[in-house]
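# Examination of the molecular architecture
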Amino acid sequence: MGTLLYSMASRLKDPKRLGFLSDCIVQSKICTELQLAAALEFVKSHPQDPINQKEFEDICGVGVFITPEQIEEAVESVIKKHKEKLLVERFHFNMGLLMGEARSALKWADGKVIKNEVDLQVLHLLGPKTEADLEKKAKPQKAKVTENDVKAKKEEVAVNAEVKTGEVKSLMEQLRGESLKFHKTGENYKSEGYVVTPKTMDLLKAHMEITGGQIRTRFPPEPNGILHIGHAKAINFNFGYAKANNGICFLRYDDTNPEKEEEKYFTAIRDMVEWLGYEPHAVTHASDNFQELYDLAVDLIRRGHAYICHQKGEELKGHNAPASPWRDRPTEESLVLFERMKKGLFAEGEATLRMKIVMEDGKMDPVAYRIKYKAHHRTGDKWCIYPTYDYTHCLCDSIENITHSLCTKEFQARRSSYFWLCNALDVYCPVQWEYGRLNLTYTVVSKRKIIKLVETGVVSNWDDPRLFTLTALRRRGFPPEAINNFCARVGVTVAQTTTEPHLLESCVRDVLNEQAPRVMAVLEPLKVTITNLAENAKSDVQVPDFPANEARGSHTVPFTRTIFIEQSDFREVMEKGYKRLTPDQPVGLRHAGYVISVQKIIKDAQGKVVELEVNCCSSDTAEKPKAFIHWVSQPLVCEVRLYERLFLHKYPEDPSEVPNGFLTDINPLSLHTISSALVDTSVKGAKVLDKFQFERVGYFSLDPDSTADKLVFNRTVTLKEDPGKI
């Protein structure tokens, strides 16, 4: 009985049921852990008084007594059902199956008694264990995995975050149904920490009438900066959870700070949400509710839960700030002063509206309203007082009838104030759920720090391809499907996730391998003259866009007496393991059907090789070369930008790794520009952000800086490294 009382007290979330459950245990109505678990679930599901005693006792098995004969009969029935297999497998049979079925038949029976009965009847049927019974059961051999199996397993289908890779569950699967253990709509009161008031059930009933039981989420960014890779997880989680469960998701701008908000951020945020493949059910603004939020603040004061305070900002900082001397000022006085704040009769910082609550992190009486004499981009000069996040967030969720308010882990400390404010005003209270942030190494995503990088000229702007803002990733050529796939691989976790960029880059390669047509480009050209072709010789070569599936199309490139190859594809002195062109080693030309061999090496005054004269012959007649290289002929001159990590250390913001600050950790080789690279003419009509695989080089995307006279390509990612290739 003592054990049950202790277990009940430590697990009970609603203290008002403490006396009721204690009586049930003391009166021996609840005698087992099974009954206690059922009782705790019942009171959680029935927060309102009075409790239906008969229903409670039926569900908790009160008064149900299981006789030894009933247990014996139930076990006998289960063993009879599996007798044939038991006789074959003997003690290698899964005895847990027998236990499970017997317990299902007798829900309130003591598990130990059932186990003893199972052991006894199995021994009676099979007799004592033999040496064969004591031998370990041989594990079934795994089927040999072929190369085709691996290839098939890696195939992905990505449509609006619907992705499967090997054994990684798709994001939709991770978010669908009960996989996250979230509450069902209308059952908010079953969530841990949720406070039930006398009006809760009526408010939930009204909420269900409005929503029809449909899941509602929201993505609530502040329009004062550009979204980054961490926001991609939030977008996928909020929009994805709604989509996976046939719900709706709002894009709500948390525009309560007119000092930092700009129209370009509003546009860019929506652009990125839609780029990732999601369409908001509606686009809303916290400012849509300014009048209603103000009216609720007046009501909060009237109820005695808020007051006007004159402490300065410096006095309010930290978790051990002194209590306000104005905390107990009369309600009527606070109402008059709040009205004066609204009319602009106080200077900035001279007065704030504070809520009477101590938050989970110890912060006392958070500010609900402050004065800012700054025109708002939507409401103009109508308001000079603006609500804070702590006040606005939960009330806007309530106004929009959000069912699941999904936030990152740092907002967990605000959960109790979230519930408190809704309940203090007797409005519908959604449930806040927290998940872990997504962080990447070798980067910074803080708005303040990115602004520093822009201002100091380290990067060109918010969309510099070395950053991990979503606009930067798009400009670099990352497909939205790859970012969604990456979020699926990282998974929906409660713990904070820190990942290295190569996992994201792997997702990018997987998508681009299927999407990016192949072209040939030479970054560091070496001129090659084919001496046994006529001066005006010219033929067309068909190059497949996707060599693994030539049915997907091809393009034509010219082949003439003069071609260009990569400087690295020729070595004057042969080295062990080198398979490409040398004076003694011929090489094949991809797609052309020719093998070339060196006849003459031409150098400049400094001894640098500037041209090769070669002979060519058909690959049908020549001995098969050790390698085939790419080439271009009559190409376009283009600019190519090669990107590396922006920072030298994994954690550039960590003082232990970078004591002098992140600006001292810049990688000087993070951008390498090649102004005179050569690419085949098939890309001439490409549009900005079109993506290509430059054969044997990497994946590239057309940059917005491109002009009619000169194309500019950003390297998105390198090709997968092949350790055996030299």
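Going along each chain's sequence as written, the residues are numbered from 1 onward. For this predicted model, a pLDDT threshold of at least 70 governs which residues receive local features, and a threshold of 80 or more governs which side-chain atom pairs are given and counted, while totals over whole chains, interfaces and linings are taken from all residues. The side-chain quantities take in all heavy atoms of the structure and omit both hydrogens and water.

Quick look at the nonpolar core now. Among the buried residues, those of types Ala, Val, Leu, Ile, Met, Phe, Trp, Tyr and Cys that are joined through side-chain atoms within 4.5 Å form a nonpolar core. For each residue, the accessible area found with a 1.4 Å probe, counting protein chains only, is set against the maximum for its type, and the residue is called buried under 20%, exposed over 50%, and partly exposed in between. Within the largest apolar cluster, 93 residues are counted, with the highest numbers of intra-cluster contacts made by Ile229, Phe338, Tyr369, Tyr391 and Ile483. Numbering of helices and strands runs from the N terminus; a helix is a DSSP stretch of H or I covering at least four residues, while a strand is a stretch of E covering at least two. Looking at which element gives the most residues to this core, the answer is helix H13 (residues 229-244), with 9 residues. We call two residues in contact when some of their heavy atoms are within 4.5 Å. Filtering out sequence-adjacent residues up to four positions away, Ile229 remains in contact with Leu438, Leu440, Phe468, Leu470, Leu473, Ile483, Phe486 and Leu504. One finds Ile530, Leu533, Val543 and Leu678 within the second-largest nonpolar core, a separate group that totals 28 residues.

Attention shifts here to a negative patch on the surface. What goes into a patch is any residue over 30% in relative accessible area without a salt bridge, connected to like charges within 9 Å or, for nonpolar side chains (Val, Leu, Ile, Met, Phe, Trp, Tyr), within 5 Å. Here the Shrake-Rupley method, with its probe set to 1.4 Å, supplies the accessible areas, and only the displayed protein chains count as covering residues. Salt bridge, as applied in this entry: a Lys or Arg side-chain nitrogen positioned within 4 Å of an Asp or Glu carboxyl oxygen. When charges are counted, Lys and Arg contribute as positive and Asp and Glu as negative, whereas His and the chain ends are disregarded. Charge positions are represented by NZ for Lys, CZ for Arg, CG for Asp and CD for Glu. Residues Glu69, Glu72, Glu73 and Glu76 make up a contiguous surface patch of negative charge. When you line up the elements, Glu76 lands in helix H5 (residues 68-81). Taking relative accessible area as the criterion, Glu76 reaches 47% and is therefore assigned partly exposed.

Time to look at the pattern of salt bridges. A complete count under the given rule lists 42 salt bridges for this structure. The shortest N-O distance in the salt bridge between Arg571 and Glu575 comes to 2.8 Å. According to the relative accessible area criterion, Arg571 is partly exposed, its value standing at 28%.

Quick look at the packing of H5 against helix H8 (residues 111-126) now. Two numbers describe how H5 lies on H8: the axes approach to 10 Å, and their chain directions differ by 50°. Judged on the interaxial angle alone, H8 and H5 are oblique. Considering how the two elements wind past one another, H5 and H8 form a crossing that is right-handed. Residues Ile71, Glu72, Val75, Glu76 and Ile79 of H5 form the contact with H8, whose participating residues are Val113, Ile114, Glu117, Val118, Gln121, Val122 and Leu125. Class assignment of the residues belonging to the contact of H5 with H8 gives a composition of 8 nonpolar, 1 polar and 3 charged. Between N-to-C directions, angles span 0 to 180 degrees; the directions come from axes that are lines fitted to C-alpha atoms, helices contributing only their stretch in contact. Any angle from 65 to 115 degrees is called roughly perpendicular, while one under 35 is roughly parallel, one over 145 is roughly antiparallel, and all others are oblique. For a crossing to be left-handed, the near helix must be turned anticlockwise from the far one by less than a right angle; the clockwise case is right-handed. Amino acids outside the nonpolar list (Ala, Val, Leu, Ile, Met, Phe, Trp, Tyr, Cys, Pro) and the charged list (Asp, Glu, Lys, Arg) are all regarded as polar, and Gly is one of them.

N-cap assignment for helix H4 (residues 53-60): the residue whose side-chain oxygen lies 3.2 Å from the backbone N of Lys54 is Asn52. Just downstream of H4, Gly61 is the residue with a positive phi angle, here 70°. Polar contact is the term for a pair of N or O atoms within 3.5 Å; when the atoms are in protein, one must be able to donate a hydrogen and the other to accept it, and sequence-neighboring residues count only if both atoms are side-chain atoms.

Structural remark: α-helix, 3.6 residues per turn; residues separated by three or four positions point the same way. Multiply 1.5 Å by the residue count of a helix minus one, and that product is the helix's expected span. Look at H8: 22 Å from first C-alpha to last across 16 residues, which is about the 22 Å you get at 1.5 Å a residue. Against the buried residues of H8 lie H5, helix H6 (83-89) and helix H7 (95-105). Taking the backbone nitrogen of Lys112 as reference, a side-chain oxygen 2.8 Å away marks Asp110 as the first, capping residue of H8.

Pairing is mixed in the open sheet, where 7 strands are placed in the order S12-S24-S25-S26-S22-S23-S13. Of all strands in the sheet, those bounded by a partner on one side alone are strand S12 (518-519) and strand S13 (521-522). We treat two strands as partners when DSSP finds at least two bridges between them. Where strand S24 (residues 691-694) and strand S25 (residues 698-702) come together, 4 bridges link them in antiparallel fashion. Paired with Lys691 across the strands is Ser701, a residue of S25. Here helix H23 (residues 501-515) sits on the sheet and contacts S12, S24, S25 and strand S26 (711-718); the angle it forms with S26, its principal contact strand, is near 120°.

Another aspect to go through is unusual backbone geometry. The backbone of Asn246 shows a phi angle near 55°, a positive value even though the residue is not glycine. Along the chain, the position of Asn246 falls in the loop between H13 and strand S2 (248-253). Positive phi, close to 60°, is recorded for Tyr442, a residue that is not glycine. Here Tyr442 is to be found in the loop between strand S10 (438-440) and helix H20 (447-455).

Turning our attention to the packing of aromatic side chains. For Phe, Tyr and Trp, where Trp contributes only its six-membered ring, two rings pair if their centres lie within 6.5 Å, and the inter-plane angle classes them as stacked under 30 degrees, edge-to-face over 60, or tilted in between. Summed over all chains, the structure comprises 24 aromatic pairs. Pairing Tyr294 with Phe338 gives two aromatic rings, centres 5.0 Å apart and planes at 20°, and the pair type is stacked. Of this pair, Tyr294 sits in helix H15 (residues 290-302) while Phe338 sits in helix H17 (residues 331-342), and the two are 44 residues apart along the sequence. Across the pair, Phe338 and Tyr294 agree in class, each one buried. These aromatic residues form a ring-pair network of at least three members: Phe290, Tyr294, Phe338, Tyr369, Trp383, Tyr386 and Tyr391. In our convention, an over-ring charge means Lys NZ or Arg CZ found within 6 Å of a ring centre and within 35 degrees of that ring's normal. Against the face of Trp275 rests Arg474, its NZ or CZ located 5.9 Å from the ring centre. Sitting over the ring of Tyr442, Arg645 keeps its end group 4.0 Å from the ring centre.

What marks off one domain from the next here is an automatic or database domain assignment. Assigned domains of the protein chain: these are domain 1 (1-60), domain 2 (68-127), domain 3 (447-518 + 640-718) and domain 4 (521-630). Its C-alpha centre places domain 3 at a distance of 31 Å from the equivalent point of domain 4. Residue-level contacts link 21 residues of domain 3 with 22 residues of domain 4. The term buried area means the drop in 1.4 Å probe accessible area that two parts suffer when joined, counted for both and summed. Both faces combined, the contact of domain 3 with domain 4 buries some 1,600 Å², and carbon together with sulfur accounts for 57% of it. Considering only the surface of domain 3 that becomes buried against domain 4, Leu678, Glu695 and Arg696 emerge as the three largest contributors, covering 41% of it.

Another point: the pairing of S24. Both S12 and S24 contribute to a ladder of 2 bridges, which runs parallel. Within S24, the residue paired with Arg518 across the bridge is Gln693. Linking S24 back to S25 in an antiparallel pair, the connection comprises 3 residues, with Arg696 at a positive phi of about 70°.

Quick look at the sheet that holds strand S5 (residues 352-355) now. Overall, antiparallel pairing links the 4 strands, which are arranged S4-S5-S6-S7 in an open sheet. Looking at the sheet topology across the chains shown, the edges are occupied by strand S4 (306-309) and strand S7 (385-387). With direction set aside, neighbouring strand axes in the sheet form an average angle of 20°. H17 contacts S4, S5, strand S6 (367-371) and S7 of the sheet and is inclined by roughly 60° relative to S4.

Time to look at the environment of Glu209. Topologically, Glu209 is positioned in helix H12 (residues 200-211). Sequence spacing of Glu209 and Gly225 is 16 residues, and the spatial spacing of their C-alpha atoms is 37 Å.

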